[in-house]
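Take a look at the letters that make up each chain.
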Amino acid sequence: MIRSALVLATASSLALAGCVQTRQFADVEFTPPQGDFSMLVMRPYVSVGQIQTGGLVEPRAEWTEQARGFILEALREQQAARGGRTEILESRGGVRGMSDQDVAEIERLFMAVGNAIVIHRYAGFNLPTKRRQGLDWTLGQDAVRLGQATGMDYALFLHAQDSYASTGRIALQVLGIAGCLVGFCAPQIGSGSQQAYASLVDLRTGEVVWFNMLQAQTGDIRTREGAAQLVDRLLGRMRAGRNVRNRNDDRNE
């Protein structure tokens, strides 16, 4: 379901004009965390696969674990430079005051909400009640209970998917290019891409206050450099909400 939602967004309003594109949405009153804040970084959802000759993506467990390790490392480095008090989870068992099952339920809830945001904010299927309102999604009391149990102000969720062409797939693409030279082009269905999103949830209210989505045809999250690049693209330039930006513009006039 996660992959289908991200692919849907890729194929519609976020079709890439270049190699990399991000687009943020935020609650209209959102201000990026700064100063004395606390944040719980949930264990990232990561999936890395290989595109087979026929175009299907086969998950690769070893690639996935390698990428997750590098993403966790990049998150630690980035958050350490931002100040505040940050706790990064490597497993569901790392949340004090909550069972593994409770954490799993919160992850599943966010998965559903994250997919809804991707479909209705990025893929062009706008809901009539959510037009031009920034963000209007919530994890409700489950997120509030997470904040009460941990004492944290925010929870950060990150989902990342990547895929790479197999030898057979590459050969098919080369055949397609060669065919074009003689007047017959074999259909091409892509050679791999990154799709990722990150979201910030206010644990005092349960509201989703910030969301950013990335589509890229460059980078390799199986490497330390590629994972750091993905984290920076998603989280490095967090924008304030519309009302906050407008007030800042008025002060600067």
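Preceding block: the structure.
Residues numbered from 1 in each chain as written. Predicted model: local features only at pLDDT ≥ 70, side-chain atom pairs only at ≥ 80, totals over all residues. Heavy atoms only, no water.

Trainee: Go over the overall build of the protein with me, naming the residues and quoting the values.
Mentor: Secondary structure summary: the protein contains 7 helices and 8 strands in total. Counting all 253 residues of the protein, 46% fall into the buried class. When the accessible surface of the protein is split by element, carbon and sulfur atoms take 52% of a total near 12,300 Å². (Helix = DSSP H or I, 4+ residues; strand = E, 2+ residues; numbered from the N terminus. Buried < 20%, exposed > 50% of the residue type's maximum accessible area, 1.4 Å probe, protein only. Areas by Shrake-Rupley, 256 points an atom, 1.4 Å probe, with all protein chains shown as cover.)

Trainee: Residues and numbers for the nonpolar core, please.
Mentor: Ile71, Leu200, Leu230 and Leu235 are the most contacted members of the largest nonpolar core, which totals 32 residues. When contributions to this core are tallied by element, the ones reaching two or more residues are β2 (38-41), β3 (45-51), α2 (61-80), β6 (154-165), β7 (194-202), β8 (208-216) and α6 (224-235). For this core, the leading source of residues is α2, giving 6 residues. Leu200 has contacts with Phe30, Pro33, Met39, Tyr154, Ala155, Leu156, Glu207, Val208, Val209, Trp210 and Met238, leaving out every residue within four places of it along the chain. Residues Met98, Leu135, Met152 and Phe157 belong to the second largest nonpolar core, which totals 27 residues. (Core = buried A, V, L, I, M, F, W, Y, C linked by side-chain atoms within 4.5 Å. Contact = heavy atoms within 4.5 Å.)

Trainee: Could you give an account of the environment of Phe30, naming the residues involved and the relevant values?
Mentor: Tracing the chain through its elements places Phe30 in the loop between β1 (20-26) and β2. Between the C-alpha atom of Phe30 and that of Val209, which follows or precedes it by 179 residues, the distance is 6.3 Å. Once you skip the residues sitting within four places of it in the chain, Phe30 turns out to touch Leu200, Val209, Trp210, Met238, Arg239, Ala240, Gly241 and Val244.

Trainee: Requested: an account of the layout of surface pockets, with residues and values cited.
Mentor: Here the second largest pocket is characterised by a volume of approximately 220 Å³. Forming the walls of the second largest pocket are 13 residues, and the residues nearest its centre are Arg43, Pro44, Tyr45, Arg92 and Glu107. Those elements that place two or more of their residues in the lining of the second largest pocket are β3, α3 (100-122) and β6. Among the residues making up the lining of the second largest pocket, the classes are represented as 7 nonpolar, 1 polar and 5 charged. (1 Å grid on protein atoms, 1.4 Å probe; cavity = no way out; pocket = protein on both sides within 12 Å on 5 of 7 lines; lining within 4 Å. Points joined across faces, edges and corners; volume = space filled by probe spheres on them. Nonpolar A, V, L, I, M, F, W, Y, C, P; charged D, E, K, R; others polar.)

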